[in-house]
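Structural features, examined
Spelled out, the chains give:
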Amino acid sequence: MSTSIPFTPSTDRILAGVALMLGFCITAPLLDVAAKLASGSLPVGQITAARFIVQCILMAPFVWMMGLSLRVAQGHWLPLLFRAMLLLGSTFCFIAAISVMPLADALAIVFVAPFIVLLVGKFYLGEDVGLRRVGAAVVGFVGVMFVIQPSFAAFGAVALFPLGTAVGFAFYILVTRGLSRRMHPVTLQFYTGLIASLLCLPVMILAQGTGSAFLDPAWPQGIAWVWLLGVGFFATVSHMMMTYALSLAPSATLAPLQYLELPVATMLGYLVFGDFPNALTLTGIAIIIGAGLYMIHRERVTARQLITERTVPPI
């Protein structure tokens, strides 16, 4: 009696990847909502630390159940440390921003990160990037200025914090590109949470009693525990959804879906906090989304051209 091995069509894998990316677009803003709610009674540093401590605790059982090795090659420790520091810094900046800014405004500024990755790739890493994509990145930066201008007038220098998040996350993506080829995504997430937690805890201990609005920890009261756990839970779930989505479907298919995170964040910001972007901010958001989608379109066109050139036989 023969046993048939089920075959999963590639279209099913792509649909699963799309579903996971849509899940990311819904759960990632819930992380932002939980962080903003927690910031009403807890300092930014403590919320940031909770995000990574909970991630580490949640990922540990999966590492064990999946039988993954925790051994790390000697040459991987420095990139792992750098990756954790970049994500830690970008998370701190973003939580500091949304503690006073509307979710959609802060998130729109963060979406400049792909443009930074593209420009770093061209001018620093020597990647082949056409003028059209560079032009789209420049237009995206103009859109960010539309968002920052009213936010800066309303909230002051804190409106620049999401730019710090964008820069940190852009370099985080670049470091992750290399590590993701050499480490399992679950192990990578576990070590990111562990290293970031170990970096946070001494700072929180030293900040105890200093009166620092950003760092001096406070004992959570009542529902604040739920918000802290929510920050770590939704961060872990959303990032794992995105990681596995990219393993199932082409990044070119999934990349445009990431912009759905903006309308979801706008809706949640309005429903939970009563925030809604003004006309200038909405214009900036539209410019950022348009520039990002155009850049993705040009990357697809370029990729197809390269495939065609490689498959055409020489004359």
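Fair warning: this is a prediction, and the values are worked out from it, not measured in the lab.

**Quick look at the layout of surface pockets**
- Approximately 320 Å³ is the volume found for the second largest pocket.
- Surrounding the second largest pocket, 14 residues form its lining, Q46, A50, P220, W225 and L228 being those nearest its centre.
- Among the elements that line the lining of the second largest pocket, the one with the most residues is helix α2 (residues 44–65), at five residues.

**Some points on the environment of F141**
- In this structure, F141 sits in helix α6 (residues 131–155).
- F141 gets classed as partly exposed once you look at its relative accessible area, which sits at 27%.
- Between the C-alpha atoms of F141 and F111, which are 30 residues apart in sequence, the distance is 9.7 Å.
- Excluding residues that lie within four positions of it along the chain, F141 makes contacts with V112, F115, I116 and L119.

**Quick word on the confidence of the model for the chain**
- Summarising the model, the chain shows a mean pLDDT of 83, and 89% of its residues fall at 70 or more.
- Note that residues 1–9 has pLDDT below 50 and, in this model, one contact with residues that lie over four places away or in other chains.

**Considering helix α9 (residues 224–248)**
- With 25 residues, α9 should reach 36 Å at 1.5 Å per residue; the first-to-last C-alpha distance of 36 Å fits that figure.
- Within the span of α9, buried status applies to A224, L228, G230, V231, G232, A235, T236, S238, H239, M240, M242 and A245.

**A few points about the side chain of R51**
- Along the chain, R51 turns up in helix α2.
- Comment: no salt bridge for buried R51; closest opposite-charge side chain is D32, at 8.8 Å.
- In terms of polar contacts, R51 uses its side chain to reach the side chain of Q55, at 2.3 Å.
- Beyond its immediate stretch of four places on either side in the chain, R51 contacts L87, T91, V231, G232, A235 and H239.

**Observations concerning the nonpolar core**
- Counting 55 residues, the largest nonpolar core has I47, F115 and I288 as its most contacted members.
- Dropping the residues within four chain positions of it, I288 is found in contact with A108, F111, F115, G140, G143, V144, V147 and Y259.
- In terms of nonpolar packing, the next biggest core, distinct from the first, is built from 24 residues, Y172, M183, C200 and M204 among them.

**As for a nonpolar patch on the surface**
- Among the surface-exposed residues, M267, Y270, L271, V272, F276 and L282 lie close enough to one another that they form a single nonpolar patch of about 620 Å² accessible area.
- When residues in the nonpolar patch are grouped by element, the largest group, four residues, is from helix α11 (residues 261–273).
- Within the element layout of this structure, L271 appears in helix α11.
- On the basis of relative accessible area, L271 is assigned to the exposed category, the value being 60%.

**Some points on the packing of helix α3 (residues 77–98) against helix α4 (residues 103–110)**
- In contact at an axis separation of 9 Å, α3 and α4 are set at 150° when each is read in the N-to-C sense. Regarding the angle of α3 to α4, the classification is roughly antiparallel. In this structure, α3 meets α4 at a crossing whose hand is right-handed. Contact with α3, carried on its side by F94, A97 and I98, involves L103, A106, L107 and V110 of α4 and no other residues of that element.
- Residues that form the contact of α3 with α4 fall into these classes: seven nonpolar, no polar and no charged.

**Side note on the environment of F171**
- With respect to the secondary-structure elements, F171 resides in helix α7 (residues 161–179).
- Residue class for F171 comes out partly exposed when judged on its relative accessible area of 33%.
- Considering only alpha carbons, one finds F171 and A113, 58 residues apart in sequence, at a separation of 8.7 Å.
- Not counting residues within four places of it along the chain, the set of residues in contact with F171 comprises L86 and V120.

**Observations regarding the packing of aromatic side chains**
- Applying the stated rule across the entire model yields nine aromatic pairs.
- Consider the rings of W219 and W225, whose centres lie 5.4 Å apart with planes at 80°: the pair is edge-to-face.
- With relative accessibility at 67%, the residue W219 sits in the exposed group.
- Given the relative accessible area of 39%, W225 is considered partly exposed.
- Seen from their ring centres, Y270 and F276 are 6.1 Å apart, and the 80° between their planes marks the pair as edge-to-face.
- Owing to a relative accessible area of 53%, F276 belongs among the exposed residues under this scheme.
- Aromatic rings pair up to connect W77, F190 and Y191 into one cluster.
- K36 extends its terminal NZ or CZ atom over the ring of F273, reaching a point 5.3 Å from the ring centre.

**Regarding the side chain of K36**
- Relative to the helices and strands, K36 resides in helix α1 (residues 10–38).
- Although K36 is buried, it makes no salt bridge; D275 carries the closest opposite charge, 4.5 Å away.
- Within the structure, K36 has its side chain in polar contact with the backbone oxygen of M101 (distance 3.0 Å).
- When residues no more than four places from it in sequence are discounted, the contact partners of K36 are I98, S99, V100, M101, L103, F273 and D275.

Conventions adopted
Each residue is numbered by its place in its chain's sequence as written, counting from 1. Given that the model is predicted, a residue must reach a pLDDT of at least 70 before its local features are reported, and side-chain atom pairs must reach 80 or more before they are shown or counted; all residues, however, enter totals for whole chains, interfaces and linings. The basis for the side-chain values is all heavy atoms of the structure; hydrogens and waters are excluded. Using protein atoms alone on a 1 Å grid, points that fit a 1.4 Å probe yet trap it form a cavity, whereas open point sets bounded by protein on both sides within 12 Å along at least five of seven lines form a pocket; residues with an atom within 4 Å of a point count as lining. Grid points are joined across faces, edges and corners, and a volume is the space filled by probe spheres set on the points. Helix numbers and strand numbers start at the N terminus; a helix is a DSSP run of H or I with at least 4 residues, a strand a run of E with at least 2. Burial classification: accessible surface area is computed with a 1.4 Å probe over protein chains only, and a residue below 20% of its type maximum counts as buried, one above 50% as exposed, and the rest as partly exposed. By definition in these notes, contact holds between two residues if any of their heavy atoms fall within 4.5 Å. The pLDDT value expresses, per residue, how confident the predictor is, ranging between 0 and 100. For a helix, the expected span equals 1.5 Å multiplied by the number of residues minus one. The charged-residue count follows a simple rule in which Lys and Arg add positive charge and Asp and Glu add negative charge, with His and chain termini not counted at all. Salt bridge criterion: a side-chain nitrogen from Lys or Arg within 4 Å of a carboxyl oxygen from Asp or Glu. Within 3.5 Å is the distance limit for a polar contact, defined as a pair of N or O atoms, with the added protein rule that one can donate a hydrogen and the other accept it, and that residues adjacent in sequence qualify only through two side-chain atoms. Buried Ala, Val, Leu, Ile, Met, Phe, Trp, Tyr and Cys residues form a nonpolar core when they are joined through side-chain atoms within 4.5 Å. Only residues whose relative accessible area exceeds 30% and that form no salt bridge are eligible for patches; like-charged ones are grouped when within 9 Å, while nonpolar side chains (Val, Leu, Ile, Met, Phe, Trp, Tyr) are grouped when within 5 Å. The protein chains shown are the only cover counted for residues, whose accessible areas, like all others here, come from Shrake-Rupley with a 1.4 Å probe. All axes are obtained by fitting lines to C-alpha atoms, using only the stretch in contact for helices, and the reported angles, taken between N-to-C directions, cover 0 to 180 degrees. Working definition: roughly parallel below 35 degrees, roughly antiparallel above 145 degrees, roughly perpendicular at 65 to 115 degrees, and oblique for all remaining angles. The handedness criterion is simple: a crossing whose near helix is rotated anticlockwise from the far helix by less than a right angle is left-handed, and one whose near helix is rotated clockwise is right-handed. Note on residue classes: Ala, Val, Leu, Ile, Met, Phe, Trp, Tyr, Cys and Pro are nonpolar, Asp, Glu, Lys and Arg are charged, and everything else, Gly too, is polar. Ring pairs shown here join Phe, Tyr and Trp side chains whose ring centres sit within 6.5 Å, with only the six-membered ring taken for Trp; geometry is labelled stacked below 30 degrees between planes, edge-to-face above 60, and tilted in between. Whether a charge lies above a ring is judged from NZ of Lys or CZ of Arg, which has to be within 6 Å of the ring centre and within 35 degrees of the ring normal.

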